[in-house]
Each structure stands twice: as structure tokens, then as C-alpha cells.
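# Structural overview
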Amino acid sequence: MESLLARLRPLLLVLVMGGLVPALPAQAAVTVTFYGHEGNRVQNGWLLFPHAFVHLHGTLQSNGLPVDYAVGFTARSPGPQLLLFSDRGILKRPEPAYIADGVAYLSVTISDETYEALRNRFDYWASAAGGTYNLNSRNCIAFVADIADVIGLARPSARTLSPNGFLKDMVGMNPPGSLAGIEHHTVAG
């Protein structure tokens, strides 16, 4: 039987390459990467603040549609008033240069079902019910903590003002192999 398979392999390869026999579908998957942005510096005339966000990228298994969606939660009107008052929050898509300048901490491959659950959470954070921004308790860190909860990651308390500290601690709480499809990125410090 094995010799028959060995003899048929070249023929199957020719048929697949010629388009006469469809190839097996490629394995598709969506990956969520957790990013931190250092901030506290000026870039292109803007003062950057520390920030956390997620980037979903890949292909849905169910329909083969590509996914490339980065988003974080921030105040609609950043400013010193946030030290005293809550404000309307918004989901904001970072520019590609901002993503490239960010620090990738952790990636997780997710199922299509988890992708849909995340999309529902994004809708919640964008809604009137979920969209209140508070610098101390309902900020970009609370947002990525909620995304981590949906995925099933262990995470530290979101009651911090250090996005990168939060993400570094989250990496430590989710060692390789603790969740299928988890990958750590090299993080300095």
C-alpha cells in the first residue's frame, strides 16, 4: 500500500498543480496581539501617553475572510479634566505607524467563535452602556483586560495606570503552553 501511495504522489501533485483536483484548504486562524505604547514623549508634535490596545489579524476559518483590526479604548476628549471627571470613551483604531511603534507583548490564536465574542465586546465598549471613560478605572487597560477575559487569559488587576506594566505582568501569568496558540514576544526590561 505504501509503495502505491509513493507511486501516486507525483501524479497527484501534477493534478493539484494543474487545477484538476482541488487542493485542501489552508489552515486559517485569527491571532490577537496585545500591545503597549510607551508614551510620555512627543512625536510629530503630539504628546503620546502610555496606551494599551489589541490587534486582530489573520483569516477566519469559517469563511476565509481576512481580519486586520486594531483597536484601543480612550477618552473622546483627552485632557487634564480626566484627572477629576469621567468622560465619554471611544474605540479608536491606531494608525499603522503607531502599531509599528508599539510593543507587542503576547499573541493568542483564537477560534471564530472567540472572534465573534470579541466583536460583541467591541460593540459593548462602543455603546452608551459600556463607553464611559475613567482615567483610574475604565481606561485602555480595563479594555485590554476585558479582551483577555473573553479569550481566557490570566491577567493581573486592571487597577493600574501602567499599560506596559500590566502587559508585562500578563505575559508572566500566561506561560507558553498555558493556552493553545499562545506566543510571547521579546520584551525588554
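Cut-offs used in this document
Residues numbered from 1 in each chain as written. Predicted model: local features only at pLDDT ≥ 70, side-chain atom pairs only at ≥ 80, totals over all residues. Heavy atoms only, no water. pLDDT = per-residue confidence, 0-100. Contact = heavy atoms within 4.5 Å. Helix = DSSP H or I, 4+ residues; strand = E, 2+ residues; numbered from the N terminus. Expected span 1.5 Å × (residues − 1). Polar contact = N/O pair within 3.5 Å; in protein donor to acceptor, adjacent residues only side chain to side chain. Core = buried A, V, L, I, M, F, W, Y, C linked by side-chain atoms within 4.5 Å. Buried < 20%, exposed > 50% of the residue type's maximum accessible area, 1.4 Å probe, protein only.

Low-confidence regions, as indicated by low pLDDT, have predicted coordinates that should not be scrutinised in detail. For the protein, the average pLDDT comes to 84, and 78% of its residues sit at 70 or higher. Within the model, the stretch residues 12–16 combines pLDDT values under 50 with four contacts to residues more than four positions away or in other chains.

Before going further, it helps to examine helix H4 (residues 140–151). With 12 residues, H4 ought to run about 16 Å at 1.5 Å a step, and its terminal C-alpha atoms sit 17 Å apart, in line with that. Put simply, Asn139 is the residue that caps the front of H4, since its side-chain oxygen is 3.0 Å from the backbone nitrogen of Ile141. At the C-terminal side of H4, Gly152 shows a positive phi close to 100°.

All right, on to the nonpolar core then. Counting residues in hydrophobic clusters, the biggest one holds 38 residues, and the most contacted among them are Phe34, Val54, Leu56, Phe122, Phe143, Ile151 and Leu153. Mapped by element, the contributors of at least two residues to this core are strand E1 (30–37), strand E4 (51–59), strand E5 (66–75), strand E7 (103–110), helix H3 (112–126), H4 and helix H5 (163–173). It is H4 that provides the largest number of residues to this core, a total of nine residues. Sequence-distant contacts of Leu153, that is, excluding residues within four places in its chain, are made with Phe34, Leu106, Val108, Ala148, Met170, Asn174, Leu179 and Ile182. Counting six residues, the second-largest nonpolar core is a separate cluster that includes Tyr35, Phe53, Ala70 and Tyr98.

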